[in-house]
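# Fold and contact review
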There are 2 protein chains.
Amino acid sequence: MTEAESRRRRGRRSGGEDTRAALLASAREVFAEQGYQGATVRGIAARAGVDAAMVNHWFGGKQGLFVAAINAPAEVPHIIDQILEGDPDTAGERLVRSFLTVWDAQDSAFAAVVRSASSQETAAELLRGFLTKMVFGRVVSRLTTDRPELRASLCSTQMIGLGMMRYVLRMPMIESADMETLVTAIAPNLQRYLTGDIGPISPR
Amino acid sequence: MTEAESRRRRGRRSGGEDTRAALLASAREVFAEQGYQGATVRGIAARAGVDAAMVNHWFGGKQGLFVAAINAPAEVPHIIDQILEGDPDTAGERLVRSFLTVWDAQDSAFAAVVRSASSQETAAELLRGFLTKMVFGRVVSRLTTDRPELRASLCSTQMIGLGMMRYVLRMPMIESADMETLVTAIAPNLQRYLTGDIGPISPR
């Protein structure tokens, strides 16, 4: 029995927080099973045993529910919108700066996301979808048609590694570095993954 | 009481495997407390309650003991030697290729190292020392005198992130990519961290 089923069988939720928690548990399962595109608000609400209108009420919609399901900061989609509005040639710089701004403010939240995704396949699937579809995939697909999935995945290697070193493994030179040092050092590498020459298409 | 102390109090080791395990437990503590440079073979052996000659017998010396203590493949120091022998301008390519060759062959070993370092401070300290002193620090210090510690740490962000995506979070585009695709895509970024322009020295 999944956690969402177990929650539902325990009976109808009384308070709003119960509804919210049931939706999150259901969302984690459905997003992991069906992907972000495949999952529907109706299906998630049904598995949680609550009305679909509660998704809008608590999370503002499917996107907000997904962000909450992986415990990412709620402002991430809005930040990606802002990154997309500026000069494509400096998107890497905006991404590095936003990443550090968001996660520096959250204390141990990055470590919690990574630990969860490193130990549970459901959480890993959510994080992969978040990184490729909602964060780097959205940015890359606006910038180039050359292997967008590979580019988004390469961006993920750099940024997850930055987060690991700053927030989880806490390497002194990365943990204590000021933002400008890291932006100047890392942004050109991220920009290359976004729009630069990443080599010929490999024969398979 | 530390694990090494606890092991010692349980009495003298009889078999060789016990000696080896006692040295590994002691090494993890002493390396984490005193760093790789500060730790001595004599001190590690004393804490394990065994003769210092056993370090050479089981691990070939301090370096081999350190590599075993973090569960890295024993051939890593030799591979770094080979990377240092070639053209400095292609060191990034050799590092990415060697990284993938070593860890692709070890199945879940990379994930085990990272999970351990993500949950225990002692293991994290060992991994930081391994990355900065034994792997990237050794390479960087041969190539440049410009902020070698920062450069080694930046290399760590990229390579730990690559390992996270290929072996732990298993993002399909990175997990299934052939070696040449990843080397071509990632090596220039690593080379920039090793020898390229990473920006001015930040005023502190």
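Residue numbering note: each chain is counted from 1, following its sequence as written. Starting at A for chains and at 1 for ligands, labels are handed out in the order in which the entities are written. Where totals are concerned, whole chains, interfaces and linings use all residues; where local detail is concerned, this predicted model gives features only for residues with pLDDT of at least 70, and gives and counts side-chain atom pairs only at 80 or more. By convention in this description, side-chain values take in all heavy atoms of the structure and omit both hydrogens and water.

## Quick notes on the pattern of salt bridges
The term salt bridge refers to a pairing of a side-chain nitrogen on Lys or Arg with a carboxyl oxygen on Asp or Glu at a separation within 4 Å. Counting across every chain of the model gives 22 salt bridges over all chains. Residue Asp146(A) pairs with Arg147(A) through a salt bridge whose shortest N-O separation is 2.8 Å. Exposure classes here rest on a 1.4 Å probe applied to the protein chains alone. A residue is buried below 20% of its type maximum, exposed above 50%, and partly exposed in between. A relative accessible area of 24% means that Asp146(A) is categorised as partly exposed. For the salt bridge of Asp146(B) with Arg151(B), the shortest nitrogen-to-oxygen distance reads 2.6 Å. Under the relative-accessibility criterion, Arg151(B) is labelled buried at 2%. When salt bridges that share partners are traced, they join Glu29(A), Glu33(A) and Arg47(A) into one network.

## A few points about the relation of the copies chain B and chain A
What sets the superposition is a least-squares fit of C-alpha atoms, and only residues with pLDDT of at least 70 in both copies go into it. Screw-axis analysis of chain B against chain A gives a translation of 0.0 Å along the axis, an RMSD of 0.0 Å, and a rotation angle of 180°. This pairing of chains is accounted for by a two-fold axis. Within chain B, the C-alpha atom positioned nearest to the axis of rotation is that of Gly161(B), 1.8 Å from it. Contact definition: two residues touch when any of their heavy atoms are within 4.5 Å. Comparing contact sets, 100% of the residues at the interface of chain B also lie at the interface in chain A, consistent with an isologous, same-surface contact.

## Observations regarding the packing of helix α10 (residues 148-168) of chain A against helix α10 (residues 148-168) of chain B
Helix packing geometry: the angle between the two helix axes and the distance between the axes. For helices, the fitted line uses only the C-alpha atoms of the stretch in contact; every axis is such a line through C-alpha atoms, and the angle between N-to-C directions lies from 0 to 180 degrees. Numbering goes from the N terminus for both helices and strands, where a helix is a DSSP run of H or I of at least four residues and a strand is a run of E of at least two. One way to put it is that α10(A) packs onto α10(B) with a least axis distance of 7 Å and a crossing angle of 110°. Judged by the inter-axis angle, α10(A) sits roughly perpendicular to α10(B). At the point where α10(A) passes α10(B), the crossing takes the right-handed sense. Along the contact surface, α10(A) presents Ser156(A), Thr157(A), Gln158(A), Ile160(A), Gly161(A), Leu162(A), Met164(A) and Met165(A), while α10(B) presents Ser156(B), Thr157(B), Gln158(B), Ile160(B), Gly161(B), Leu162(B), Met164(B) and Met165(B). Reported orientations rely on four angle classes, namely roughly parallel under 35 degrees, roughly antiparallel over 145, roughly perpendicular from 65 to 115, and oblique for the rest. Put simply, a crossing is left-handed when the front helix is turned counterclockwise from the back one by less than a right angle, and right-handed when it is turned clockwise.

## Describing the packing of helix α6 (residues 76-85) of chain A against helix α7 (residues 91-104) of chain A
Residues and elements named next belong to chain A. Close contact between α6 and α7 brings their axes to 9 Å; oriented N to C, the two are set at 155°. With respect to their mutual orientation, α6 and α7 come out roughly antiparallel. For the pair α6 and α7, the crossing hand works out as right-handed. When α6 is examined against α7, the residues Ile-79, Ile-80, Gln-82 and Ile-83 are found in contact with a partner set consisting of Ala-91, Arg-94, Leu-95, Ser-98 and Val-102. Residues of the contact of α6 with α7, tallied by class, amount to six nonpolar, two polar and one charged. Lys, Arg, Asp and Glu make up the charged group, whereas Ala, Val, Leu, Ile, Met, Phe, Trp, Tyr, Cys and Pro make up the nonpolar group; the residues left over, Gly among them, are polar.

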